[in-house]
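# Examination of the molecular architecture
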Amino acid sequence: DQMVHDSSLFYRFKANNNFNFSNREFNNNYSINSFGLRDDEKSLKSPVIICLGDSYSMGWGVEQGKSYAQQIEKKAGLVVLNAGISSYGTARELKLLQLLDTSEVKFIIIQYCLNDYTENKMSVENHFNLNTSSKNSFDSVQQSYLWGRYYFPGKHFLSIGQLFLKKCVNNYWPIFKVRTIRETSVEDVRVHASVFIDNLYHSGISFNKVHVIVIFLDSYAHLQNPFLAEAGQLSNTAPYKSKFDNRLHFIEMGDVLNKDDYYLLDLHLKESGHKKIADKIWDEIRKY
């Protein structure tokens, strides 16, 4: 109920809105600015750093002001805009970027997740013109989240029980698709990297004016994979290398994040994880 249809981006948060979201593992307040982003109003004007991503960047699971974007802002003393929105893929994040004030931007942080692939692939196939769905489609999607939005006695036991049962069966015969054991081969990751780099190459980002830092965040089970290495290698080949001009950087987070930085059931990051990410990104930014 906190999202609204957007003709350009499909959806974003309701503007100038405050609400609370809670589940078994956390209880967080959300404050949304006039653009529909989980950040304060002043960060919309001439940000020096913009953070793009999905729910991991938005700060799902942490309090307002505790996402890595806000923690970088406190460390740097610069205006940092958290432009992360749940379920956005890279293609839509880049489309969102075109609508923001980038007049003073020096660094753009792009967070990738394996779920971004489908949307990014659609963008490539449509000549980098990401089509958005109608309001009727949006309303239909909203209805599909009823299970997640409403509580009834025994709901959590039923959900967790089904997951546990499927895992037990999969130990003997892998017949169920369980999101915590989503498999991605090296070949798949190479395709992810190729589609990602193509979207970045055809974006409106002026690499002669900004540095772009790419990070990978996903559930802990999928944190260790060669996506960034593959994307980095591809970015140094023609025709990409000349456009990126040594201003595209890739930072691994798998060496600083551990299981204790993740919630057990929700699979998102705790405040400790966001702090580690902010520390590592700020260390990279200070090099330039």
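The shown structure was predicted, so the numbers you read here are calculated from the model rather than taken from an experiment. Every residue gets a number counted from 1 within its own chain, in the order that chain's sequence is written. Local features in a predicted model are, by the rule used here, given only for residues with pLDDT of at least 70; side-chain atom pairs are given and counted only at 80 or more, and totals for whole chains, interfaces and linings are based on all residues. Calculation of side-chain values draws on the structure's entire complement of heavy atoms; hydrogens and water are dropped beforehand.

Bringing the packing of aromatic side chains into the picture now. The aromatic pairing rule takes the rings of Phe, Tyr and Trp, using the six-membered ring of Trp, and pairs them if the centres are within 6.5 Å, calling planes under 30 degrees apart stacked, those over 60 edge-to-face and the rest tilted. Applying the stated criterion to the full structure yields 19 aromatic pairs. Residues Tyr 201 and Phe 244 carry aromatic rings whose centres are separated by 6.5 Å and whose planes lie at 85 degrees to one another, so their mutual orientation is edge-to-face. With Tyr 201 in helix α8 (residues 186-201) and Phe 244 in helix α10 (residues 240-244), the pair connects residues that are 43 residues apart, well separated along the chain. Exposure remark for Tyr 201: the relative accessible area of 21% places this residue in the partly exposed category. According to the relative accessible area criterion, Phe 244 is buried, its value standing at 2%. An aromatic cluster of three or more residues is present, and its members are Phe 21, Phe 26, Trp 60 and Tyr 263. Criterion for a charge above a ring: Arg CZ or Lys NZ at most 6 Å from the ring centre, at most 35 degrees from the ring normal. For Arg 38, the ring lying beneath its charged end belongs to Tyr 30, and the centroid distance is 3.8 Å. Above the plane of the ring of Tyr 201 lies Lys 243, whose end atom (NZ or CZ) is 5.3 Å from the centre. Each helix corresponds to a stretch of at least 4 residues labelled H or I by DSSP, and each strand to a stretch of at least 2 residues labelled E; elements are numbered beginning at the N terminus. Buried means the residue's accessible area, taken with a 1.4 Å probe over protein chains only, is under 20% of the maximum for its type, while exposed means over 50%, and partly exposed covers the values in between.

Among the nonpolar cores identified, the biggest contains 70 residues, and Tyr 68, Leu 96 and Ile 215 are the most heavily contacted of them. Residues contacting Ile 215, with those up to four places away along its chain left out, are Tyr 68, Ile 109, Ile 110, Gln 111, Tyr 112, Leu 228, Ile 251, Met 253, Ile 277 and Ile 281. Among buried residues, the Ala, Val, Leu, Ile, Met, Phe, Trp, Tyr and Cys ones that are joined through side-chain atoms within 4.5 Å form a nonpolar core. Throughout, a residue-residue contact means that at least one pair of heavy atoms, one from each residue, lies within 4.5 Å.

A word on the side chain of Glu 73. Among the secondary structure elements, Glu 73 is positioned in helix α2 (residues 68-76). One buried charged side chain, Glu 73, makes no salt bridge at all; its nearest oppositely charged neighbour is Lys 42, positioned 4.2 Å away. Charged-residue counts in this description rest on Lys and Arg as positive and Asp and Glu as negative, His and the chain ends being excluded. A side-chain nitrogen of Lys or Arg and a carboxyl oxygen of Asp or Glu constitute a salt bridge if their distance falls within 4 Å.

Let us now look at the pairing of strand β1 (residues 3-6). The criterion for strand pairing is that DSSP finds at least two bridges linking the strands in question. Note: β1 against strand β2 (residues 10-13), 4 bridges, orientation antiparallel. In the strand pairing of β2, Asp 6 is matched with Phe 10.

Across the chain, each position has a pLDDT score giving the predictor's confidence in that residue, from 0 to 100. Averaged over every residue, the pLDDT of the chain is 87; the share at 70 or more is 81%. Below a pLDDT of 50 lies the segment residues 145-164, which in the model reaches 15 contacts outside its immediate sequence neighbourhood of four places, other chains included. Between residues 174-181, whose pLDDT stays under 50, and residues either more than four places distant or in other chains, the model counts 19 contacts.

Side chains three or four residues apart in an α-helix point the same way, a direct result of the helix having 3.6 residues per turn. Residues of helix α4 (residues 117-125) that are buried: Glu 119, Asn 120 and Ser 123. The buried residues of α4 occupy one face: seen down the axis, they fall within an arc of 100 degrees. Residues Thr 118 and Glu 125 are exposed on α4 and point more than 90 degrees away from its buried face. Of the residues one or two after α4, His 127 is the one with positive phi, at around 60 degrees. The arc in question is traced by the directions running from the helix axis to the C-beta atoms.

Attention shifts here to the pattern of salt bridges. If you walk through the whole model with that rule in mind, you get 12 salt bridges. A salt bridge links Glu 271 to Lys 66, with the shortest nitrogen-to-oxygen separation between them at 3.9 Å. Residue Glu 271 is located in helix α11 (residues 271-285), and its partner Lys 66 is located in the loop between α1 (55-58) and α2; the two are separated by 205 residues in the primary sequence. Glu 271 gets classed as partly exposed once you look at its relative accessible area, which sits at 41%. Overall, the relative accessible area of 29% leaves Lys 66 in the partly exposed class. Arg 286 is the partner of Asp 283 in a salt bridge, and the nearest nitrogen-oxygen pair spans 2.6 Å. For Asp 283, a relative accessible area of 40% translates into the label partly exposed. Each of Lys 75, Lys 275 and Asp 279 takes part in a single network of salt bridges with overlapping partners.

Residue position: Asp 198 is located in helix α8. It is 9.4 Å that separates the C-alpha atoms of Asp 198 and Ser 235, two residues lying 37 residues apart in sequence. Excluding anything up to four places from it in sequence, Asp 198 contacts Val 124, Phe 128 and Tyr 240.

Fitting a line to C-alpha atoms yields each axis, with helices limited to the stretch in contact; the angle taken between N-to-C directions then spans 0 to 180 degrees. Taken N-terminus to C-terminus, the directions of helix α3 (residues 90-97) and α4 make an angle of 70 degrees; their axes are 7 Å apart at the nearest point. Looking at the two axes, α3 sits roughly perpendicular to α4. Where α3 approaches α4, its residues Thr 90, Ala 91 and Arg 92 are matched on the opposing element by Glu 119, Asn 120 and Ser 123. Lys, Arg, Asp and Glu make up the charged group, whereas Ala, Val, Leu, Ile, Met, Phe, Trp, Tyr, Cys and Pro make up the nonpolar group; the residues left over, Gly among them, are polar. Classifying every residue of the contact of α3 with α4 by side-chain character gives 1 nonpolar, 3 polar and 2 charged. Orientation is classified from the angle alone, with under 35 degrees giving roughly parallel, over 145 giving roughly antiparallel, 65 to 115 giving roughly perpendicular, and any other angle giving oblique.

A few words now on the sheet that holds strand β9 (residues 248-251). Strand order in this open sheet of 5 strands is β6-β5-β7-β8-β9, and the pairing throughout is parallel. Two strands bound the open sheet, and with one partner strand each, they are β6 (80-82) and β9. Each strand of the sheet is rotated relative to its neighbour by a mean of 20 degrees, with strand direction disregarded. Pairing between strand β5 (residues 49-52) and β6: 3 bridges, direction parallel. Bridged to Ile 49 within β6 is Val 80. Each of β5, β6, β7 (107-112) and β8 (211-216) is contacted by α2, which is oriented at about 170 degrees to β6, the strand it contacts most.

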